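Results of the structural survey
Given next are the chains, with one letter for each unit.
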Amino acid sequence: MSRPVVTRFAPSPTGYLHIGGARTALFNWLYARGRGGKFLLRIEDTDRERSTPEATAAILQGLAWLGLDWDGEVVSQFDRKDRHAEVAHEMLARGTAYKCFATAAEIAAFREAESAKGVSYPVFLSPWRDADPATHPDAPFAIRMKAPRSGDTVIDDQVQGHVTIQNATLDDMIVLRSDGVPTYMLAVVVDDHDMGVTHVIRGDDHLNNAARQAMVYDAMGWDIPVWAHIPLIFGPDGKKLSKRHGAVGVHEYQAMGYPAAGMRNYLTRLGWAHGDAEFFTDQQARAWFDLAGIGRAPARLDFKKLENICGQHIAAADDAALLHEIVAYRAAAGLEALTGGQENGLLRAMYCLKDRAKTLPELLEKAEFVLASRPISRDEAAQKALDPVSRGILHELTPRLQNVSWSKENLESILTGTATAHGLNFGKMAAPLRSALAGRMVTPSVYDMMLVIGQIETIARLEDAAA
RNA sequence: GGCCCGUUCGUCUAUCGGUUAGGACACCAGGUUUUCAACCUGGUAAGAGGGGUUCGACUCCCCUACGGGCUGCCA
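Quick notes on the rules
- As a convention, each chain's residues are numbered from 1 in the sequence order in which they are written.
- Chain letters start at A and ligand numbers start at 1, both assigned in the order the entries are written.
- pLDDT decides what is reported in this predicted model: residues at 70 or higher carry local features, side-chain atom pairs at 80 or more are listed and counted, and totals for whole chains, interfaces and linings draw on all residues regardless.
- Computation of side-chain values: all heavy atoms of the structure, hydrogens and water removed.
- UniProt positions are given in the numbering used here, feature names are shortened, and annotations may be inferred rather than shown by experiment.
- In this document the domain limits rely on a domain assignment from an automatic tool or a database.
- Angular values range over 0 to 180 degrees, each being the angle between N-to-C directions of two axes fitted as lines to C-alpha atoms, with helices fitted over their stretch in contact.
- Helical segments are the DSSP runs of H or I of at least four residues, strand segments are the runs of E of at least two, and each set is numbered from the N terminus.
- Note: crossing handedness is left-handed where the near helix turns anticlockwise from the far helix by less than a right angle, and right-handed where it turns clockwise.
- Contact definition: two residues touch when any of their heavy atoms are within 4.5 Å.
- Classification convention: Asp, Glu, Lys, Arg as charged; Ala, Val, Leu, Ile, Met, Phe, Trp, Tyr, Cys, Pro as nonpolar; all other residues, Gly among them, as polar.
- A 1.4 Å probe rolled over the protein chains alone gives each residue an accessible area, and that area as a share of the maximum for its type sets the label: buried under 20%, exposed over 50%, partly exposed in between.
- Orientation categories follow fixed angle ranges, with anything under 35 degrees roughly parallel, anything over 145 roughly antiparallel, 65 to 115 roughly perpendicular, and all other angles oblique.

Going by the annotation in an unreviewed UniProt entry, the name recorded for chain A is Glutamate--tRNA ligase, with Fertoeibacter niger given as the source organism. In its Catalytic activity (unreviewed entry) section, the UniProt record describing chain A reads: "tRNA(Glu) + L-glutamate + ATP = L-glutamyl-tRNA(Glu) + AMP + diphosphate". UniProt's Subcellular location (unreviewed entry) comment on chain A is quoted here verbatim: "Cytoplasm".

So, the domain arrangement of chain A
Looking at chain A, the domain boundaries give domain 1 (79-230) and domain 2 (380-466). In this structure, domain 1 and domain 2 have C-alpha centres spaced 75 Å apart.

Things to note about the packing of helix α3 (residues 81-94) against helix α6 (residues 207-220)
Here α3 crosses α6 at 65 degrees, and the two axes come no closer than 10 Å. When the axes of α3 and α6 are compared, the crossing they make is left-handed. Contacts between α3 and α6 involve Val 87, Glu 90, Met 91 and Arg 94 on the former and, on the latter, Val 216, Ala 219 and Met 220. When grouped by side-chain class, the residues that make up the contact of α3 with α6 number five nonpolar, no polar and two charged.

Quick notes on the UniProt feature "binding site: ATP" (unreviewed entry) in chain A
The UniProt record marks Lys 243 with the feature "binding site: ATP" (unreviewed entry), using the residue numbering of this structure. Considering the arrangement of structural elements, one finds Lys 243 in the loop between β11 (233-234) and α7 (250-255). A relative accessible area of 62% places Lys 243 in the exposed class.

A look at the packing of helix α8 (residues 260-269) against helix α10 (residues 303-316)
Viewed as axis vectors pointing N to C, α8 and α10 meet at an angle of 130 degrees, and their least axial separation amounts to 8 Å. Considered as vectors, α8 and α10 are oriented oblique to each other. For α8 against α10, the interelement crossing comes out right-handed. The segment α8 lies against α10, with Ala 261, Gly 262, Met 263, Asn 265 and Tyr 266 engaging Lys 305, Leu 306, Ile 309, Cys 310 and His 313. A per-class count over the contact of α8 with α10 returns six nonpolar, three polar and one charged.

Structural data, given as structure tokens:
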């Protein structure tokens, strides 16, 4: 009985990929990928005024960054307008739609008159619904769906449950405009049907529309897909997400240095739960994701939790993969590309870097010791750590490091030995060492730094600092 | 205005009529420590309000409040 799952993401190309849209795409992707199904992409570009190729490119880029791959070609809704019109005419032929000659001005006048009379819900009832074709004028007409005027339409939604909408509150929606251009309400249904979409997972701003769309499916005798209307995402203050909240486009999250795996995990968990699972891999997400686990209330963005999750993913990431992600991040953030030497250094240092950073820029900050080259520039705190006494100790240290085999054990005994000789605990001595080696005070362990940059470079930097 | 949806710790959530309402992030206190990150121990903290139904409601029903959505020849 179970047909293969086909889901889709259908953004309109009027801007960047919104974080909420990204989550919708992610849910669709997870659902399909977890079931061996297909995940399709359709660009709803029928609004020629607002659609731009740049926006389409931005959306594709955003999906690519998040690692959401789609099956087949990207479908352009605009390209399918002839098919939409064909369906509208078929509805006409079936008698489930009719020609309406009412002009926009007439409809506007009707609404105005109705609200003036105090009617709170002016549903426009076209006088042409049951008109004799013989009375049709030779004028432009729109095609309206002949919707049921009584009774209820029940949407069986996987997230919202059974939602009942009274048909009397719905007007006969236009499926084909008088200029022959199909409306969105018709196009979605035709496209979803033609593309074989079995599960429609989308924002709950479409919940009410689902009733009208169900009518189109019925009018054409098509199977209604499984519906799942998911709540929107709110800003940290519980208000609708908008630009004043800061980052709303996924590209901004990339530029802030959140790893894609962390974003996927966080976004999956936002509005969906699988028991107490908080941190999980893509494999687990695909295996666990289901419609039943989706919550009904809008969720707020929480950057602290995003960071925490991202930190765990950075720590768990493969070194080479992490390096690639860092390279991409720097490009996205408009930072200078790393040199080959810096990349190699990063790779060697990754083991002591990745479990101390929650974001990529934080990792890079702590990697300064391997990214910088002599002479090491020091920030203010690092300069303060190099007082005369400290310099003296560094100076005294270098010969001891000269003829030693470079291992953590040896370094440990030399450094702690020197510290105790001066009546210092190791913490006191680590400060000038950090300053000398990295030029800053927030770094990996001093042993790790020395091991990574090597004996010669270590001694050179200590001598520089002691001078 | 009408219709539709929603409401558990600050936040994300678990619970699917019977629990001392659990976990995670954040926060606070203490510990560890080589800075940061991390880690260990403990702690503060929730069913919007009001009615029902029931032996028993966070859970089912109704009302109110608040939030959101839809109400276009926009998508």
